[in-house]
Amino acid sequence: MTYSSEISSSALASCLAAFGGLIPINIRSTIDSILYSCLAKLYSNGSSSIFAYAEAKRSILHLSTVCVTVPWGDGGRSSTNEIVRKVSLMLKHDPDITVASMALSTLCVVDS
């Protein structure tokens with residue numbers, strides 16, 4: 001289960017990074033909505049879900065970073081900044097050092 005969610009998240013991040021503003025607004029909205037739902041679940045439930053696995057946390061942080069940095073087709077930015085910031089602050093103390101490091105990197109991107 002974790003491997004498939006990691007690949008799915010990575011595929012979304014790659015498409016978003018490669019095509020950015022060319023992605024239709026309804027599709028970009030769906031991606032941001034999915035990301036928001038995943039981050040809200042991670043923030044509220046912590047490690048009681050699929051996000052108990054470091055791989056899942058790293059992949060959702062990667063997708064978060066891409067969503068925050070790639071502008072929408074109309075030049076706007078993602079509305080997920082606040083939840084990304086909250087989750088990054090939470091995960092910067094994760095026992096897995098790779099997750100903590102990625103959370104700090106994501107936090108730097110969000111705060112810039």
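These figures come from a predicted structure and were not determined experimentally.

S.K.: What exactly am I supposed to notice about the environment of isoleucine 60 here?
M.R.: In this fold, isoleucine 60 is placed in helix 3 (residues 54–69). Judged by its relative accessible area of 6%, isoleucine 60 falls in the buried class. Among all residues touching isoleucine 60, those that are not within four sequence positions of it are Ser9, Leu35, Cys38, Leu39, Leu42 and Phe51.

S.K.: Would you take a moment to explain helix 5 (residues 97–111) for this structure?
M.R.: Because the α-helix completes a turn every 3.6 residues, residues three or four places apart line up on one side. With 15 residues, helix 5 extends 21 Å from end C-alpha to end C-alpha; this agrees with the ideal 21 Å at 1.5 Å per step. Buried residues in helix 5 make contact with helix 3 and helix 4 (81–91).

S.K.: Got a minute to help me understand the pattern of salt bridges in this structure?
M.R.: Opposite charge on two side chains permits pairing when their charged atoms draw close. Here the structure, examined in full by the defined rule, presents 4 salt bridges. Between aspartate 32 and arginine 28 there is a salt bridge, with its nearest N and O atoms 3.2 Å apart. Of the two residues, aspartate 32 and arginine 28 both sit in helix 2 (residues 25–45), 4 residues apart, roughly one turn of that helix. Summarising the burial analysis for this pair, aspartate 32 and arginine 28 share the class buried. Residue arginine 58 pairs with aspartate 96 through a salt bridge whose shortest N-O separation is 3.9 Å. Remark: aspartate 96 occurs in the loop between helix 4 and helix 5 and arginine 58 occurs in helix 3; sequence separation between them is 38 residues. Here aspartate 96 falls in the partly exposed class, since its relative accessible area comes to 26%.

S.K.: Mind showing me how you'd approach the nonpolar core here?
M.R.: It is characteristic of soluble globular proteins that their nonpolar side chains tend to be buried jointly. Core analysis: the largest hydrophobic core is formed by 24 residues, its most contacted members being Leu16, Leu39, Ile60 and Leu91. Mapped by element, the contributors of at least two residues to this core are helix 1 (2–19), helix 2, helix 3, helix 4 and helix 5. Element by element, the count of residues in this core is highest for helix 3, at 8 residues.

S.K.: Any chance you could explain the confidence of the model for the protein chain here in plain terms?
M.R.: Fine structural detail should not be taken from predicted coordinates in areas where pLDDT scores are low. Here the protein chain shows a mean pLDDT of 86. Residues at 70 or above account for 94%. Per-element mean pLDDT across the protein chain ranges from 82 in helix 1 up to 93 in helix 5.

Conventions used here
- Residues numbered from 1 in each chain as written.
- Predicted model: local features only at pLDDT ≥ 70, side-chain atom pairs only at ≥ 80, totals over all residues.
- Heavy atoms only, no water.
- Helix = DSSP H or I, 4+ residues; strand = E, 2+ residues; numbered from the N terminus.
- Buried < 20%, exposed > 50% of the residue type's maximum accessible area, 1.4 Å probe, protein only.
- Contact = heavy atoms within 4.5 Å.
- Expected span 1.5 Å × (residues − 1).
- Salt bridge = Lys/Arg side-chain N within 4 Å of Asp/Glu carboxyl O.
- Core = buried A, V, L, I, M, F, W, Y, C linked by side-chain atoms within 4.5 Å.
- pLDDT = per-residue confidence, 0-100.

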